[in-house]
Structures are given as C-alpha cells and as structure tokens.
Amino acid sequence: QVQLVESGGGSVQAGGSLRLSCEVSGYTGYSYSTYTLGWFRQAPGKEREGVAGINRYNETLYADSVKGRFTILKDSAKTTLYLQMNSLKPEDTALYSCAATVQYYSGDYLLQGSMYPYWGQGTQVTVSS
C-alpha cells in the first residue's frame, strides 16, 4: 500500500556529509502529510536502531548518538523524506532504511521499529577513518 525507496548512500570519509532521500508513494486512505516517518540503521552484528523520526506535527526525535549531527526533514510537495548527515563517524556505517506508518506517534515511539509497518529496502552508508 505504501512504497518507500531510499537513495543517496555511499562511501565518505569521516567528518564528511551525506544526504539520504526516501521517496514515498502509494495509497492508504490517509493523507501523506499525516504519516509518521523514520530512519533506521543496522550494522553487521548489531540490532536495528532508530536514528530519527518525525510526525504530522513535525515533532522530531533523534538517537543520542546522532543528535546534533543528523537532521530529519520532509518535503510534502515531493512526498520525500530526507536525512541530512553531517560530521559522519566510522560508527555511523550501516544500512539505512526509511519507514512509514499512517498512525500518529510521538516521543520514544518514533524510534521504535515495531511501530512501522512499511519499509524501504535500504541504502548503504560507509564511513572510513
């Protein structure tokens, strides 16, 4: 019902920046502007972790490890979600996926993967030292 396609991943040196994009499409019976959206990442041998989330009221939540470095943004006109990543560190290396739900969530729920029924395939981010 909802399709998400990520792009923008790649290899970058520590301290560099990347901007990830997530194109959202499909019909759910709800307006796109009401979606709750998030970015998650998973590194080899590690569990998936929530990176950043945003809801219909533009309330956001960031993982402590990325706060101050990453910014989640949405462009309603283009139905696109972005993750601006600055001051990248080797520990940021992971497969980054975007996710969506028609439900309204706030606070800690924004970074809980179980709250999101729709997922993209992911885009790889590799940060070298």
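As a reminder, the structure under discussion sits directly above these lines.
Residues numbered from 1 in each chain as written. Predicted model: local features only at pLDDT ≥ 70, side-chain atom pairs only at ≥ 80, totals over all residues. Heavy atoms only, no water.

Asker: Explain the overall build of the protein to me, please; I cannot follow it from the model alone.
Answerer: When helices and strands are counted, the protein shows zero helices and eleven strands. Counting helices and strands in the order they occur from the N terminus, the protein gives β-β-β-β-β-β-β-β-β-β-β. For a compact globule of 129 residues, the expected C-alpha radius of gyration is about 14 Å, and the protein comes in at 14 Å, within 12% of that figure. If one aligns the C-alpha atoms of the protein with their principal axes, the spans along those axes are about 45 × 25 × 25 Å. Evaluated residue by residue, the protein yields a buried proportion of 45% over its 129 residues. Intrachain contacts of the protein at a sequence separation of at least 6 include 61% that bridge at least 24 residues. Carbon and sulfur atoms form 46% of the exposed surface of the protein, whose accessible area is close to 6,600 Å². Averaging the positions of the 10 positive and the 10 negative side-chain charges in the protein gives two centres separated by 3 Å. (Helix = DSSP H or I, 4+ residues; strand = E, 2+ residues; numbered from the N terminus. Rg over C-alpha atoms; globule rule 2.2 N^0.38 Å. Buried < 20%, exposed > 50% of the residue type's maximum accessible area, 1.4 Å probe, protein only. Contact = heavy atoms within 4.5 Å. Areas by Shrake-Rupley, 256 points an atom, 1.4 Å probe, with all protein chains shown as cover. Lys, Arg positive; Asp, Glu negative; His and termini not counted. Charge placed at Lys NZ, Arg CZ, Asp CG, Glu CD.)

Asker: Is there a simple way to think about the sheet that holds strand β3 (residues 18-26) in this case?
Answerer: Pairing between sheet strands relies on hydrogen bonds along the backbone, with the strands arranged either parallel or antiparallel. One open sheet holds the four strands; their spatial order is β1-β3-β8-β7, and the pairing between them is antiparallel. The strands lining the two open edges of the sheet, one partner per strand, are β1 (2-7) and β7 (70-75). Sheet twist, expressed as the mean angle between neighbouring strand axes with direction ignored, is 20 degrees. Summarising the sheet, β3 and strand β8 (residues 80-85) pair through six bridges and their orientation is antiparallel. Looking at β8, one finds that Ser21 is bridged to Tyr82. (Pairing = 2+ DSSP bridges. Axes fitted to C-alpha atoms, helices over the stretch in contact; angles between N-to-C directions.)

All we've got here are geometric facts, nothing functional implied.
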